[in-house]
Amino acid sequence: MSQLTHINRAGDAHMVDVSAKSETVREARAEAYVCMHPQTLQMIIDGSHHKGDVFATARIAGIQAAKRTWELIPLCHPLMLSKAEVTLTPLPDSAQVHIEAVCRLTGKTGVEMEALTAASVAALTIYDMCKAVQKDIVIDGVRLVSKTGGKSGDFRAGDHD
């Protein structure tokens, strides 16, 4: 197993120094699922929710969160993302919303935390907007799907069991 990079030799948490790393194109994809009653999902799809366009609000919240991850996660670097995209797909057969977040940049550090944060905040936004209608909404399966670029190489969920 690799060493924890955010722990120095003295055992203290620290921000990793990436100044000696080469800039490469890096991309990460993360996903989340929001599970709800079929009626709640239908309200979102129909646009009849009293708070407005739930998907548009969640998409914007996810993108904003990706851009501000460094303010939320203490040891993350502030990054100049070249792409932050959040896609929300209703799955009526299972009464879920699938959220996929994609973040990309050319830089010295990865964007996994930005993609995970985007997917998480988009899911939380759906919960926030729908909690008046349904309190038992479940956010499920927030995970890194893939990453490319960087010293640690590429990763695809399921390839590393």
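Since the structure is predicted, the reported quantities are computational estimates derived from the model, not experimental observations.

Reading guide: rules and limits
- Residues numbered from 1 in each chain as written.
- Predicted model: local features only at pLDDT ≥ 70, side-chain atom pairs only at ≥ 80, totals over all residues.
- Heavy atoms only, no water.
- Helix = DSSP H or I, 4+ residues; strand = E, 2+ residues; numbered from the N terminus.
- Buried < 20%, exposed > 50% of the residue type's maximum accessible area, 1.4 Å probe, protein only.
- Contact = heavy atoms within 4.5 Å.
- Areas by Shrake-Rupley, 256 points an atom, 1.4 Å probe, with all protein chains shown as cover.
- Lys, Arg positive; Asp, Glu negative; His and termini not counted.
- Charge placed at Lys NZ, Arg CZ, Asp CG, Glu CD.
- UniProt positions renumbered as here; feature names shortened; annotations may be inferred.
- Patch = residues over 30% accessible without salt bridge, like charges linked within 9 Å, V, L, I, M, F, W, Y side chains within 5 Å.
- Salt bridge = Lys/Arg side-chain N within 4 Å of Asp/Glu carboxyl O.

S.K.: I'm lost on the overall build of the chain in this one. Help?
M.R.: Counting its secondary structure elements, the chain contains four helices and five strands. Ordered by position from the N terminus, the helices and strands of the chain form the series β-α-α-α-β-β-α-β-β. Out of the 161 residues in the chain, the part that is buried amounts to 35%. Pairs at least 24 apart in sequence give 71% of the contacts found in the chain among residues at least 6 apart. Of the accessible surface of the chain, which amounts to about 9,400 Å², a share of 54% is contributed by carbon and sulfur atoms. With 17 positive and 19 negative side-chain charges, the chain shows a separation of 6 Å between the mean positions of the two kinds.

S.K.: What should I look at first to understand the UniProt feature "binding site: substrate" (unreviewed entry) in the chain in this one?
M.R.: UniProt records the feature "binding site: substrate" (unreviewed entry) at Leu 75, Cys 76, His 77, Met 113 and Glu 114, using the numbering of this structure. A stretch of 40 residues holds the annotated residues, and the largest C-alpha distance among them is 12.5 Å, short enough that they meet in one place. Along the chain, the position of Leu 75 falls in the loop between helix 3 (69-72) and strand 2 (83-91). On the basis of relative accessible area, Leu 75 is assigned to the partly exposed category, the value being 27%. The topology assignment puts Glu 114 in helix 4 (residues 112-130). Owing to a relative accessible area of 3%, Glu 114 belongs among the buried residues under this scheme. Excluding residues that lie within four positions of it along the chain, Glu 114 makes contacts with Ala 66, Thr 69, His 77, Leu 79, Leu 81 and Cys 103.

S.K.: Whenever I open this one, the UniProt feature "domain: Molybdopterin cofactor biosynthesis C (MoaC)" (unreviewed entry) in the chain confuses me. Can you help?
M.R.: Sites flagged by UniProt as "domain: Molybdopterin cofactor biosynthesis C (MoaC)" (unreviewed entry) map to residues 15-150. Taken end to end, residues 15-150 is 34% helix and 32% strand, and its first and last C-alpha atoms sit 17 Å apart.

S.K.: Honestly, a nonpolar patch on the surface in this entry has me stumped. Any pointers?
M.R.: A contiguous nonpolar patch, built from Leu 72, Ile 73 and Met 113 and spanning about 240 Å² of accessible area, is present on the exposed surface. Tracing the sequence through the fold places Ile 73 in the loop between helix 3 and strand 2.

S.K.: Looking at this structure, I do not really get the pattern of salt bridges. What am I missing?
M.R.: For side chains of opposite charge, pairing can occur when their charged atoms come near one another. Using the criterion set out here, one finds seven salt bridges in the structure. Glu 31 is the partner of Arg 143 in a salt bridge, and the nearest nitrogen-oxygen pair spans 2.7 Å. With Arg 143 in strand 4 (residues 138-148) and Glu 31 in strand 1 (residues 24-35), this residue pair connects regions lying 112 residues apart in the sequence. Judged by relative accessible area, Glu 31 falls into the buried class, the value being 10%. Here Lys 131 ties to Asp 128 by a salt bridge, and the two come within 2.4 Å at their closest N and O atoms. Among the ionic contacts, a cluster of salt bridges with common partners joins Glu 27, Arg 29, Glu 100 and Arg 104.

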